[in-house]
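Here is what each chain is made of, one letter per residue.
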Amino acid sequence: MKKIWMIIFLAGAFAVIKPAAALDPATMTAAAPKALELAAIWSPHTIKTLQSCGTGMMNIGKSAFSIFLLPVGILQCTLGLPFGMFSDGVDNCVKGGIAPFELTYQVILLPIRIFSLGTVH
């Protein structure tokens, strides 16, 4: 039974493989000036998009890290109460409670940052 499944798997794997395709050098030479022109036009938009995506990824990381403020805040509210950490604990509980919603917002905003060509800051 294992051999049958292995044969089916290998047949499927080899059926997906495409033959190699090559480009004609004349086509590449003819398309190069237009490609350079398009690269000059689109490079500022590409840079803005990469900057916006970097900002978005940084915000996602901050939001993901902020989720851990909830258990820290609970510990500060309970065990840190005799040491005067109650107000800091409440602040951390609030920040940790908001963090999953902020993380969801930032994750949803990331594709918008990509497709808006860097107009979302």
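Refer to the structure printed above.
The following refers to the structure shown. Small disclaimer: the values here were computed from a predicted structure and weren't measured. (Residues numbered from 1 in each chain as written. Predicted model: local features only at pLDDT ≥ 70, side-chain atom pairs only at ≥ 80, totals over all residues. Heavy atoms only, no water.)

Let's talk about the packing of helix H3 (residues 69-78) against helix H4 (residues 86-115)
Working step 1: It is at 7 Å that the axes of H3 and H4 come closest, and there the two elements cross at 155 degrees. On the basis of their axis angle, the class for H3 and H4 is roughly antiparallel. H3 and H4 meet at a crossing whose hand is left-handed. Together, Leu69, Leu70, Val72, Gly73, Ile74, Gln76 and Cys77 of H3 and Phe86, Asp88, Gly89, Val90, Asn92, Cys93, Lys95, Gly96 and Gly97 of H4 make up the contact between the two elements.
Working step 2: For the contact of H3 with H4, a count of residues per class yields eight nonpolar, six polar and two charged. (Axes fitted to C-alpha atoms, helices over the stretch in contact; angles between N-to-C directions. Helix = DSSP H or I, 4+ residues; strand = E, 2+ residues; numbered from the N terminus. Parallel < 35°, antiparallel > 145°, perpendicular 65-115°, else oblique. Left-handed = near helix turned anticlockwise from the far one by under 90°. Contact = heavy atoms within 4.5 Å. Nonpolar A, V, L, I, M, F, W, Y, C, P; charged D, E, K, R; others polar.)

Here we look at helix H2 (residues 25-66)
Working step 1: In a regular helix each residue adds 1.5 Å, so 42 residues correspond to 62 Å; H2 covers only 54 Å between its end C-alpha atoms and thus falls short of that length.
Working step 2: Turning to H2, its buried residues are Thr49, Ser52, Cys53, Gly56, Asn59, Ile60 and Ser63.
Working step 3: Taken together, the buried residues of H2 touch H4. (Expected span 1.5 Å × (residues − 1). Buried < 20%, exposed > 50% of the residue type's maximum accessible area, 1.4 Å probe, protein only.)

Describing a nonpolar patch on the surface
Working step 1: On the surface, Leu81, Phe86, Val90, Val94 and Ile98 cluster together into a nonpolar patch covering about 430 Å² of accessible area.
Working step 2: Here Val90 shows up in helix H4. (Patch = residues over 30% accessible without salt bridge, like charges linked within 9 Å, V, L, I, M, F, W, Y side chains within 5 Å. Areas by Shrake-Rupley, 256 points an atom, 1.4 Å probe, with all protein chains shown as cover. Salt bridge = Lys/Arg side-chain N within 4 Å of Asp/Glu carboxyl O.)

Topic: the pattern of salt bridges
Working step 1: Throughout the structure, instances matching the rule amount to one salt bridge.
Working step 2: A salt bridge links Glu37 to Lys34, with the shortest nitrogen-to-oxygen separation between them at 3.8 Å. In this pair, Glu37 and Lys34 both sit in helix H2, three residues apart, roughly one turn of the helix.
Working step 3: Looking at Glu37, the relative accessible area reads 44%, which means it is partly exposed.
Working step 4: By relative accessible area, Lys34 is classed as partly exposed at 49%.

Here's the deal with the environment of Asp91
Working step 1: Note on placement: Asp91 falls in helix H4.
Working step 2: C-alpha separation for the pair Asp91 and Leu70, spaced 21 residues apart in sequence, amounts to 9.3 Å.

With respect to the environment of Leu103
Working step 1: Residue position: Leu103 is located in helix H4.
Working step 2: With 40 residues separating them along the chain, Leu103 and Ser63 place their C-alpha atoms 5.0 Å apart.
Working step 3: Contacts of Leu103, omitting those with residues within four sequence positions, involve Ile60, Ser63, Ala64 and Ile67.

What is shown is where atoms sit, not what they do.
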